[in-house]
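Structural description and commentary
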Amino acid sequence: MMNPFIRKAILVSALFCITCFVHAQVKQSPKQEIATSTTAKPFKVLTNGKQITIQSKQNLRSLMVWTASGHRFVEEKALTSNSYSFTVPAKENIFYIMLETAEGKRFTERMGVK
């Protein structure tokens, strides 16, 4: 059996190592640009039943749309126009849109249709 002093020394050194690793996590740099809800969106989402049209002031680079259950049904990576139309699957009401403008800014939005 180990000496109680050695056992306590191993415990203290293990706890010290754990606290050092916790403090060594990398923080997010403030230089990264994240679009928030206060940022003006350079696009409009127009709905007509299950038909969705996205119109933007700038050219779109990529567009991805997925349902609330996680099924992706639109993924366009080489867009060069400022508008895109698609139809939502019949049984889904809530979906998410992520688009990237030609400048490289990404925007996400949660949408619902009836």
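For the structure given in this document, a descriptive report is provided here. Not measured: the values here are computed from a predicted model. (Residues numbered from 1 in each chain as written. Predicted model: local features only at pLDDT ≥ 70, side-chain atom pairs only at ≥ 80, totals over all residues. Heavy atoms only, no water.)

1. Observations concerning the sheet that holds strand β1 (residues 43-48)
For clarity, the cut-off: A pair of strands is considered paired only if DSSP assigns at least 2 bridges between the two. A run of H or I in DSSP counts as a helix once it spans at least four residues, and a run of E counts as a strand once it spans at least two, with each numbered from the N terminus. Think of each axis as a best-fit line through the C-alpha atoms, taken over the contacting stretch in the case of a helix, with angles from 0 to 180 degrees between the N-to-C directions.
The strand order across the open sheet built from three strands is β1-β2-β5, with neighbouring strands paired in antiparallel fashion. The sheet terminates laterally at β1 and β5 (83-87), the two strands that pair on one side only. Strand after strand, the sheet turns through a mean of 15° between neighbouring axes, direction not considered. Bridging between strand β2 (residues 51-56) and β5 involves five bridges; their strand directions are antiparallel. Looking at the pairing, Thr-53 lines up with Ser-85 of β5.

2. What about the packing of aromatic side chains?
Put simply, the rule reads: Here the aromatic set is Phe, Tyr and Trp, taking the six-membered ring for Trp, and pairing holds for ring centres within 6.5 Å; pairs whose planes are under 30 degrees apart are stacked, those over 60 apart are edge-to-face, and all others are tilted.
Evaluated as defined, the whole model comprises six aromatic pairs. Relative to Tyr-96, the ring of Trp-66 lies with its centre 6.0 Å away and its plane at 20°, an arrangement referred to as stacked. Of this pair, Trp-66 sits in strand β3 (residues 60-67) while Tyr-96 sits in strand β6 (residues 94-101); the two residues are 30 residues apart in sequence, bridging distant segments of the chain. Taken together, Phe-73, Tyr-84, Phe-86 and Phe-95 form an aromatic cluster joined through their ring pairs.

3. A few points about the sheet that holds strand β4 (residues 72-76)
Strand order in the open sheet made by the four strands is β4-β3-β6-β7, with antiparallel pairing throughout. Two strands lie at the open edges of the sheet, namely β4 and β7 (106-112), each paired on one side alone. The sheet shows a mean angle of 15° between the axes of neighbouring strands, direction not considered. Across four bridges, β3 lies against β4 in antiparallel orientation. From the neighbouring strand, Trp-66 faces β4, where its bridge partner is Arg-72.

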